[in-house]
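Each chain, letter by letter, is given below.
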Amino acid sequence: MELPAKIDLKVGETYTLKLPGLGTAGYQWTYDIGGDRNLIDVSQTTAKSSEFPAVGSSMDRVFILGGLAMGQVTIHFMQRRPWEKNQPPVAEHTLEVDIKA
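Rules behind the numbers
- Starting from 1, residues in each chain are numbered consecutively following that chain's sequence as written.
- Since the coordinates come from a predicted model, pLDDT governs what is reported: local features require at least 70, and pairs of side-chain atoms require 80 or more to be given and counted, while whole-chain, interface and lining totals use all residues.
- The basis for every side-chain value is the complete set of non-hydrogen atoms in the structure, without hydrogens or water.
- If DSSP finds at least two bridges between two strands, the strands pair.
- Note on conventions: DSSP H or I runs of at least 4 residues are helices, E runs of at least 2 residues are strands, and numbering of each starts at the N terminus.
- As a rule, the C-alpha atoms of each element are fitted with a line to give its axis, helices using only the stretch in contact, and angles between N-to-C directions run from 0 to 180 degrees.

### Considering the sheet that holds strand 2 (residues 14-19)
Sheet strands pair via backbone hydrogen bonds, and the direction of the pair is either parallel or antiparallel. The strand order across the open sheet formed by three strands is 2-5-4, and the pairing between neighbours is antiparallel. Each edge of the open sheet carries a strand with a single partner, namely strand 2 and strand 4 (40-46). Going across the sheet, the axis of each strand differs from the next one's by a mean of 20°, ignoring polarity. Here strand 2 runs beside strand 5 (residues 61-67); their pairing, made up of six bridges, is antiparallel. For Thr14, the partnering residue across the bridge sits in strand 5 and is Gly66.

### Focus: the sheet that holds strand 3 (residues 28-34)
Judged by pairing direction, the sheet is mixed, and its four strands sit side by side in the order 1-7-6-3 without closing on themselves. The sheet is open, and its two edges are formed by strand 1 (6-10) and strand 3, each paired on a single side. Taken pair by pair, the neighbouring strands of this sheet meet at an average axis angle of 25°, ignoring direction. Alignment of strand 6 (residues 71-80) against strand 7 (residues 91-100), held across nine bridges, turns out to be antiparallel. Bridged to Ile75 within strand 7 is Leu95.

See below:
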């Protein structure tokens, strides 16, 4: 799955980013926002599927990014187990977001 490194949003517009899940192995996606956190709204949910997932498979995570005000932020996504805070993430993705009027 090819993930974008940069996106452009307008104020009031949303963008959906799907990241591969590993929830059955205990991994969760977290994120840090570099820049003004008041410029963007980030929410997450589990990807919905019309099929029943195979036993033991993980569902992807979906992040909904909403532009709140003009500016630029960088969002760094990290996938790790919550109890392994000192371990490096098993997956990472950095996304630059440019929000315009």
